Every structure is written in structure tokens, then in C-alpha cells.
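Chain by chain, the residues run as shown.
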Amino acid sequence: MRLFFHYLKMDVVRTIETKRLYLCTLGVFGIGFVVMLELSEMYLDVLYVFHQIKYSMSSILVFFFTAVPCAAMLEEDMENKFYRQSVIRGKLKAYAWAKTTVIFLTPAVILCAGNLLFVIVVSRWLPWSSHAGISNIAGDGNWASQYLIGR
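Thresholds, definitions, all that
Residues numbered from 1 in each chain as written. Predicted model: local features only at pLDDT ≥ 70, side-chain atom pairs only at ≥ 80, totals over all residues. Heavy atoms only, no water. Axes fitted to C-alpha atoms, helices over the stretch in contact; angles between N-to-C directions. Helix = DSSP H or I, 4+ residues; strand = E, 2+ residues; numbered from the N terminus. Parallel < 35°, antiparallel > 145°, perpendicular 65-115°, else oblique. Left-handed = near helix turned anticlockwise from the far one by under 90°. Contact = heavy atoms within 4.5 Å. Nonpolar A, V, L, I, M, F, W, Y, C, P; charged D, E, K, R; others polar. Salt bridge = Lys/Arg side-chain N within 4 Å of Asp/Glu carboxyl O. Buried < 20%, exposed > 50% of the residue type's maximum accessible area, 1.4 Å probe, protein only. 1 Å grid on protein atoms, 1.4 Å probe; cavity = no way out; pocket = protein on both sides within 12 Å on 5 of 7 lines; lining within 4 Å. Points joined across faces, edges and corners; volume = space filled by probe spheres on them. Polar contact = N/O pair within 3.5 Å; in protein donor to acceptor, adjacent residues only side chain to side chain.

**Q** Just checking my understanding: could you explain the packing of helix α2 (residues 19-38) against helix α6 (residues 92-122) for this structure?
**A** Helix-helix packing is described using two parameters, namely the angle between the two axes and the distance between the axes. With their axes 8 Å apart at the nearest point, α2 and α6 run at an angle of 45 degrees to one another. Judged by the inter-axis angle, α2 sits oblique to α6. Where α2 crosses over α6, the handedness of that crossing is right-handed. Residue-level contacts link Leu21, Cys24, Thr25, Leu26, Val28, Phe29, Gly32, Phe33 and Met36 of α2 to Thr106, Ile110, Leu111, Ala113, Gly114, Asn115, Leu117, Phe118, Val121 and Val122 of α6. Classifying every residue of the contact of α2 with α6 gives 14 nonpolar, 5 polar and no charged.

Written out as C-alpha cells, the structure is:
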């Protein structure tokens, strides 16, 4: 277990120190603006734009940006044969579990950071929800079901 945390710490530090992590986070942030510019509707709000990012074809680009740092990390290991030295000094099982953990956590961090940055920046110019949702809040009190149904 001690080797697992050693390998995990090594991979997390290597991931944080690369420029790819930050460039890919900015890429996810930029995709949000591209989607927002594609929408030509008059009443835009933060939740609608975020929904379009999540469910439109641009989500493929988001997945690409989240996969780049992991693929580059594995490519560097294979190219420079870092895995040989790590496995010789420790255990293959701990090394593989640490790599797998970092490969699953890094895209989640990139996606969350990029989307959070986008939502924070865009919420300064756009309202959080549309005027229909706000009028339902001030209405009869059952605004949540009306907003979901679209009345």
C-alpha cells in the first residue's frame, strides 16, 4: 500500500507540473465560448449554455481535451522507459493501480475546473436562468415542476 501512494504521488506531481493540464483546462473553458457563440438565440442564460456544452457535439472536443494529459503521460513513460525503473524498484500491481487512478482522476479534474471557470466567467454577463424560470419562482409556489414541464 505504501508503494501505491508513492507511485500515486509521483504521477499526480508529474501531471500537475505539466503545461498540458492547464492548457486542456483552458481548452474546455474555450469550448464553452465557442458553443455560446454558435447559439444565436436572443435569451441566453448560463444553465442553457452549460446544457448545450454538455449535450451537443462539442462534448466530443471536451472529451478530447480531458484525455490529452493522460495520453501524453503514458506516451512519455513508454518513450523514456520510466515504467521499467519504477517496476524494478517496486511492484507492478501498485504501479498499475496508481496509473489507473491518475488516469481516471485527471480528466475529472480538468472537466470540473474548465466548466467551473466557464460558469464563473459567463455568469458575470448572463443571468443564471431565463426569465420564464424567474416568473415561475414568483408565481404560485410550485415553480420547480412548472419550470421542468416548460409552462
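**Q** How should I be thinking about the pattern of salt bridges in this particular structure?
**A** Where charged atoms of side chains with opposite charge meet at close range, the side chains can pair. Taken as a whole, this structure holds 6 salt bridges when the rule is applied. The residue lysine 99 makes a salt bridge to aspartate 77 at a minimum N-O spacing of 2.4 Å. Of this pair, lysine 99 sits in helix α6 while aspartate 77 sits in helix α4 (residues 59-80); the two residues are 22 residues apart in sequence, bridging distant segments of the chain. There is no split in this pair, since lysine 99 and aspartate 77 are both buried. Within the structure, one salt-bridge network assembled from shared partners comprises Asp11, Arg14, Arg20, Glu76, Asp77 and Lys99.

**Q** What's the story with empty space enclosed by the protein in this structure? I'm lost.
**A** In this structure the tally under the stated criterion is 1 cavity of 30 Å³ or more. Lining the largest cavity are Arg14, Thr15, Thr18, Arg20, Pro69, Ala72, Met73 and Glu76. Secondary-structure elements contributing two or more residues to the lining of the largest cavity are α1 (2-17) and α4. Considering every element that reaches the lining of the largest cavity, the biggest residue donor is α4, with 4 residues.

**Q** Is there a simple way to explain the environment of serine 123 in this structure?
**A** With respect to the element layout, serine 123 can be found in the loop between α6 and α7 (131-137). Measuring from C-alpha to C-alpha, the distance between serine 123 and aspartate 45 comes to 8.3 Å, with 78 residues separating the pair along the chain. In this structure the side chain of serine 123 is engaged in a polar contact, spanning 3.0 Å, whose partner is the backbone oxygen of isoleucine 120.

**Q** I tried to follow the layout of surface pockets on my own but got confused; where do I start?
**A** Remark: the empty space left among the atoms is shown by a probe the size of a water molecule rolled over them. Considering only enclosed or pocket space, the largest pocket measures out at about 200 Å³ in volume. Of all elements in the fold, only α1 and α5 (82-89) reach the threshold of two or more residues within the lining of the largest pocket. The dominant element in the lining of the largest pocket, judged by the number of residues it contributes, is α1, at 5 residues. Partitioned by chemical class, the residues of the lining of the largest pocket number 5 nonpolar, 4 polar and 3 charged.

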